[in-house]
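Here is how the chains run, residue by residue.
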Amino acid sequence: MASNSRGQFSSKLGFIMAAAGSAVGLGNVWGFPTKAASNGGAAFLIIYLVMVFLLAFPMLVAELTIGRYGQSNPIASLRSIWTKNRAAAGFFGLIAMVAASMILSFYSILAGWLMGFAAAPALEVVGLQSAADWLVNFGDARNVILALLFSLLTIYVVQKGVADGIEKWSTRLMPMLFVLFGVMIVYIFTQDGAMDGLKMYLIPDVSHVTPALLVDSMGQAFFSLSLGVGSMMVYGSYLKKDVNIPKTAAQVAAIDTAVAFSAGLLILPAMFVAKNNGVEIFNAAGDLMSSGDLVFAVLPAMFDTMGSMGMIVGTGFFVLMVIAALTSSISLLEVPVSCAQDELNMTRRKATWVIGSAILVLSIVIALNFGSLFGLVADISTVYMQPLLGVVWAIVVGWIWNRNKLLNELKEGNPEIEQGLFWKIWPWYVRIVCPVAILAVFMFSVL
Ligand code: TRP
């Protein structure tokens with residue numbers, strides 16, 4: 001495809017918002033607080049921060065650099081580096097595409113639930129209580145219909161392309177999310193019980209630091225920064241050459257981590273406030289009840305304590321959650337769509353509809369076999385495929401890429417990089433430490 005027909009992010013801020021939009025999603029607001037709450041709070045937080053800094057951030061730089069060098073979809077970008085083995089490049093690009101599609105298929109179901117929670121309070125107010133109950137309670141029809149609606153939203157934005165769809169929406173919506181978070185955190189701190197949650201979140205108990213914690217926190221860091229499946233490669237490919245990649249990656253990682261941290265600052269105190277108000281959150285043995293439902297149980301309980309304001313704040317919160325999920329889901333759909341567009345010579349519109357619909361069918365199959373398929377698809381894609389693909393990208397950057405070409409790519413937008421600390425550490429770090437460390441943690445999870 002002619003390079004001038006490719007989209008591009010129109011500004012640096014637009015890119016940061018889009019990449020942060022990809023990173024910030026259910027992983028931050030739902031996955032992170034849930035895992036922190038069930039893994040001892042502060043212990044998880046600390047290990048998570050270490051994982052982001054030591055493993056996820058260097059890999060984010062790697063993926064963005066591959067994409068910007070290739071200026072193409074992940075398959076073609078990998079081929080442009082792995083010139084001696086184009087078949088292997090194509091193969092791993094394809095696996096990444098499959099992994100992205102699998103993640104999107106279960107992500108849409110979760111995001112659909114959030115749409116249900118966003119709509120329910122308004123229905124309640126106008127007296128449609130049973131409709132509101134239907135939206136927030138588990139059920140096949142509700143799961144399918146809401147996943148369908150969310151998928152259509154994702155398709156709608158992706159089909160509009162990079163600057164008009166992805167960038168425009170991310171830049172508008174991300175700042176709103178930050179502000180609402182701040183307001184809710186301030187509110188929850190005024191409530192009884194909040195300090196218990198805060199203590200659990202910020203005072204570490206080292207007895208919780210176990211191998212399982214390492215595995216969970218690495219997985220969480222990779223998921224949260226959208227690594228492994230090509231989302232960041234394809235966003236990198238829309239990045240202008242005057243952008244300083246390590247700096248931009250650091251900004252994106254910082255925003256993502258700040259949002260996850262804030263989500264914990266909201267959810268853990270909210271748990272204890274809810275407990276104070278009679279909501280059961282721990283069982284007799286002192287374990288969190290159903291950890292997956294935590295956010296969906298605790299937050300509505302918090303909104304109930306806020307009286308009539310609660311309806312407005314609750315609706316606002318879940319609407320923003322849907323938005324955060326949407327700016328993430330578009331980065332997942334963008335992976336297979338960009339591949340199909342170039343490799344199969346399809347228009348963006350057509351590629352988006354064909355692939356978006358195929359993934360939707362997968363979502364529906366999962367929704368209808370929730371008990372047997374949801375966890376399975378989530379585990380295969382996030383516990384196995386994401387870290388293993390991460391190892392492959394580290395090998396591509398560290399071993400296969402010609403060091404001078406890599407340096408030249410990073411020099412674009414950062415001409416002094418050769419003299420700095422980053423270039424002294426990062427190349428060998430990605431070459432040795434990243435693959436070994438990712439594999440070591442991965443081994444814990446399978447053994
Ligand atoms: N990072 C997003 C979240 O935290 C989800 C996401 C978007 C993702 N693109 C991805 C996860 C690619 C893994 C891989 O919700």
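Residues numbered from 1 in each chain as written. Predicted model: local features only at pLDDT ≥ 70, side-chain atom pairs only at ≥ 80, totals over all residues. Heavy atoms only, no water.

1. Brief notes about the packing of helix H3 (residues 42–70) against helix H4 (residues 74–81)
The line we're drawing: Orientation is described by axes fitted as lines to C-alpha atoms, over the contacting stretch for helices, and by angles from 0 to 180 degrees between their N-to-C directions. Numbered from the N terminus, helices here are DSSP runs of H or I no shorter than four residues, and strands are runs of E no shorter than two. To sort the angles, those under 35 degrees are grouped as roughly parallel, those over 145 as roughly antiparallel, those from 65 to 115 as roughly perpendicular, and the leftovers as oblique. Working rule for contacts: check all heavy atoms of both residues, and any pair within 4.5 Å makes them a contact. As a working rule, the residues Ala, Val, Leu, Ile, Met, Phe, Trp, Tyr, Cys and Pro are called nonpolar, Asp, Glu, Lys and Arg charged, and the rest polar, with Gly in that last group.
The contact between H3 and H4 brings their axes to 8 Å, and the two run at 85°. Classified by the angle their axes make, H3 and H4 are roughly perpendicular. Packed against H3, whose contacting residues are Ile66, Gly67, Tyr69 and Gly70, the element H4 presents Ser77, Leu78, Ser80 and Ile81 at the interface. For the contact of H3 with H4, a count of residues per class yields four nonpolar, four polar and no charged.

2. Things to note about the side chain of Asp256
For clarity, the cut-off: Under the scheme applied here, a residue whose accessible area is under 20% of the maximum for its type counts as buried, over 50% as exposed, and between as partly exposed, the area being computed with a 1.4 Å probe on protein chains only. Charged-residue counts in this description rest on Lys and Arg as positive and Asp and Glu as negative, His and the chain ends being excluded. One speaks of a salt bridge when a side-chain nitrogen belonging to Lys or Arg is within 4 Å of a carboxyl oxygen belonging to Asp or Glu.
Residue position: Asp256 is located in helix H12 (residues 245–276). The side chain of Asp256 sits in the buried core without any salt bridge; Lys35 is the nearest counter-charge, 12 Å away.

3. Some details on the site of the ligand
So the rule is basically this: Definition of nearness: a residue and a molecule or strand are near each other if at least one heavy atom of the residue lies within 4 Å of the molecule or strand. Polar contact criterion, stated in full: a pair of N or O atoms within 3.5 Å, where within protein one must be able to donate a hydrogen and the other to accept it, and residues adjacent in sequence count only if both atoms are side-chain atoms. All accessibility values rest on the Shrake-Rupley procedure with a 1.4 Å probe; residue burial counts only the protein chains present in the view.
Around the ligand, the structure places 18 residues, and the nearest of them are Ala23, Leu26, Gly27, Tyr107 and Phe223. Residue Ser22 places a main-chain N or O atom 3.2 Å away from a nitrogen atom belonging to the ligand. Between Leu26 and the ligand, the recorded distance is 3.0 Å, taken from a backbone N or O atom to an oxygen atom. In isolation the ligand has 360 Å² of accessible area, and contact with the protein removes 100% of it. Split by residue class, the shell around the ligand holds eight nonpolar, ten polar and no charged.

4. A word on helix H10 (residues 211–224)
What counts is decided by this rule: Here the expected span of a helix is defined as 1.5 Å times the quantity of residues minus one.
The terminal C-alpha atoms of H10, which comprises 14 residues, lie 20 Å apart, in line with the 20 Å expected from a rise of 1.5 Å per residue. Residues of H10 that are buried include every one of Leu213, Val215, Ser217, Met218, Gln220, Ala221, Phe222, Phe223 and Ser224, and no others. Directly after H10, the chain includes Ser226, whose backbone phi takes a positive value near 55°.

5. A word on a positive patch on the surface
Inclusion rule: Patch membership is restricted to residues that have no salt bridge and whose relative accessible area is over 30%. Joining uses 9 Å for like charges and 5 Å for the nonpolar side chains Val, Leu, Ile, Met, Phe, Trp and Tyr. A charge is said to be at NZ when it belongs to Lys, at CZ for Arg, at CG for Asp and at CD for Glu.
Together, Lys160, Lys168, Arg172 and Arg349 make up a region of like positive charge exposed at the surface. Along the chain, Lys160 falls in the loop between helix H7 (140–159) and helix H8 (162–189). Since its relative accessible area comes to 39%, Lys160 is described here as partly exposed.

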